[in-house]
Amino acid sequence: MAALPVPLPVLAMAALLLLGCRGPGAAGQRRKEMVLSEKVNQLMEWASKRSVIRMNGDKFRRLVKAPPRNYSVIVMFTALQPHRQCVVCKQADEEYQILANSWRYSSAFTNKIFFAMVDFDEGSDVFQMLNMNSAPTFINFPAKGKPKRGDTYELQVRGFAAEQLARWVADRTDVHIRVIRPPNYAGPLMLGLLLAVIGGLVYLRGSNLDFLYNKTGWAFAALCFVLAMTSGQMWNHIRGPPYAHKNPHTGQVNYIHGSSQAQFVAETHIVLLFNGGVTLGMVLLHEAATSDMDVGKRKIMCIAGIGLVVLFFSWLLSVFRSKYHGYPYSFLMS
């Protein structure tokens, strides 16, 4: 059966109809690409001037919430104004700036991720939109979809050290940032001062170095080191936790973290004090049992030692109970 010839006008009409159907879609795609290009160029321009981009409500809605977007945005929600009295916010901001600068001035710099900040006094509407009532808070807004549970940084657990933030960013965005901190000369200066003091003592007492064999001095130095380590000072150095936490609603300051997986800096100082009290009590008991003093003084030392051990150990146990919920034992106080 022979095919019927199609008139040329009919073919032209069909082509026009096809182009008409595809035209709006193609135009929309081009417009979408133009908007995305403008947003990326704007963010890159701001990032070239300042690693952390400050945003208000309008910028946040346009550049972070509104599509199209093919980049991730790490946003720190904070309250840095002095009247807010958020000490933790300032400490976290310093670490966040270190992280963003490490990204900006390294080979990891890319237009696939940006670092931004929303201050409560500049974008309170953003806090209301996200139902956010605490600061500081770090959230990753991924390139596709809405933030998931893991896109909110667990500040109370992991601390706000730049290294910890970098690991979290790598986990959420696959962008690996090598944290480069500004040079800190405090350590070398302290070491030099210590060597100078030791050298001065050796020079002044070169003929008599018996002080180097003083057991009490070495025992005291070793005890201070042990107390510092057992109270959690090394954990603070690694994790960089906040000193304390202030409830934004009630204004109450918590010095003991409620979780067994984290701690505050103030908490380590408290534990250090309690451990020192228990240790002092044990030293007094030992001296009361072995010294050659008269009986009356030894009794006083014994009673004081028992009192210190009982009091500070009961406080230590109460701190332990407050962190390990369900722990059944207590002593003198709950």
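A quick note: this is a predicted structure, and the numbers were derived from the prediction, not measured.

Please explain the UniProt feature "transmembrane region" (unreviewed entry) in the protein chain as it appears in this structure.
Here the UniProt-annotated "transmembrane region" (unreviewed entry) positions come out as residues 185-204, 216-235, 270-288 and 300-320. Summarising residues 185-204: 95% helix, 0% strand, and an end-to-end C-alpha distance of 28 Å. For residues 300-320, the end-to-end C-alpha separation is 30 Å, with 100% helix and 0% strand making up the annotated structure.

How should the pattern of salt bridges be read in this particular structure?
Close approach of charged atoms allows side chains of opposite charge to pair. The tally for this structure, following the rule as stated, stands at 10 salt bridges. Measuring nitrogen to oxygen at the nearest pair gives 3.0 Å for the salt bridge that ties E122 to R54. Taken as a pair, E122 in the loop between β3 (113-119) and α4 (124-129) and R54 in strand β1 (residues 52-54) lie far apart in primary sequence, 68 residues in all. You can call E122 partly exposed: its relative accessible area is 36%.

Explain the state of the cysteines to me, please; I cannot follow it from the model alone.
In a disulfide, the sulfur atoms of two cysteines are covalently bonded to one another. All chains considered together, the criterion is met by one disulfide. Sulfur-sulfur distance for the disulfide between C86 and C89 comes to 2.1 Å. The sign of the 70 degrees torsion about the S-S bond sets the C86-C89 disulfide as right-handed. Across the pair, C89 and C86 agree in class, each one buried.

What am I meant to see in helix α6 (residues 162-173) here?
Since the α-helix turns once every 3.6 residues, residues separated by three or four places project in the same direction. With 12 residues, α6 ought to run about 16 Å at 1.5 Å a step, and its terminal C-alpha atoms sit 16 Å apart, in line with that. Those residues of α6 that sit buried are A162, Q164, L165, A166, W168, V169, A170 and T173. Where α6 is buried, its residues meet β2 (72-78), α3 (87-104), β3, β4 (137-141), α5 (155-158) and α9 (233-239). Remark: D174 follows α6 within two positions and exhibits a positive phi of approximately 65 degrees.

Explanation requested: the nonpolar core in the structure shown.
Of all hydrophobic cores here, the largest spans 51 residues; its most connected members are F77, L99, F115 and F138. The greatest single-element share of this core, amounting to eight residues, is contributed by α3. Residue contacts for F115: discarding those within four places in its chain leaves S51, V52, I53, I74, Y96, L99, A100, W103, V169 and I177. By size, the runner-up hydrophobic cluster in this structure holds six residues, among which are V271, V278, L316 and V319.

Can you help me understand the pairing of β3 in this one?
The two faces of a sheet get side chains in turn, since along a regular strand they alternate between them. Where burial is concerned, most of β3 is hidden: seven out of the seven residues are buried. The side-chain alternation of β3 yields two buried faces, one formed by I113, F115, M117 and D119 and the other by F114, A116 and V118. Where β1 meets β3, three bridges bridge the pair, whose relative direction is parallel. Within the sheet, the bridge partner assigned to I53 lies in β3 and is A116. Looking at chain direction, β2 and β3 are connected through seven bridges and run parallel. By the bridge assignment for β3, F77 is matched with V118. Assessed by its sense of winding, the connection that carries the chain from β2 through α3 to β3 is right-handed.

The rules we used
- Residues numbered from 1 in each chain as written.
- Predicted model: local features only at pLDDT ≥ 70, side-chain atom pairs only at ≥ 80, totals over all residues.
- Heavy atoms only, no water.
- UniProt positions renumbered as here; feature names shortened; annotations may be inferred.
- Helix = DSSP H or I, 4+ residues; strand = E, 2+ residues; numbered from the N terminus.
- Salt bridge = Lys/Arg side-chain N within 4 Å of Asp/Glu carboxyl O.
- Buried < 20%, exposed > 50% of the residue type's maximum accessible area, 1.4 Å probe, protein only.
- Disulfide = S-S within 2.5 Å.
- Expected span 1.5 Å × (residues − 1).
- Contact = heavy atoms within 4.5 Å.
- Core = buried A, V, L, I, M, F, W, Y, C linked by side-chain atoms within 4.5 Å.
- Pairing = 2+ DSSP bridges.
- Right-handed = clockwise from strand over helix to strand, strands pointing away.

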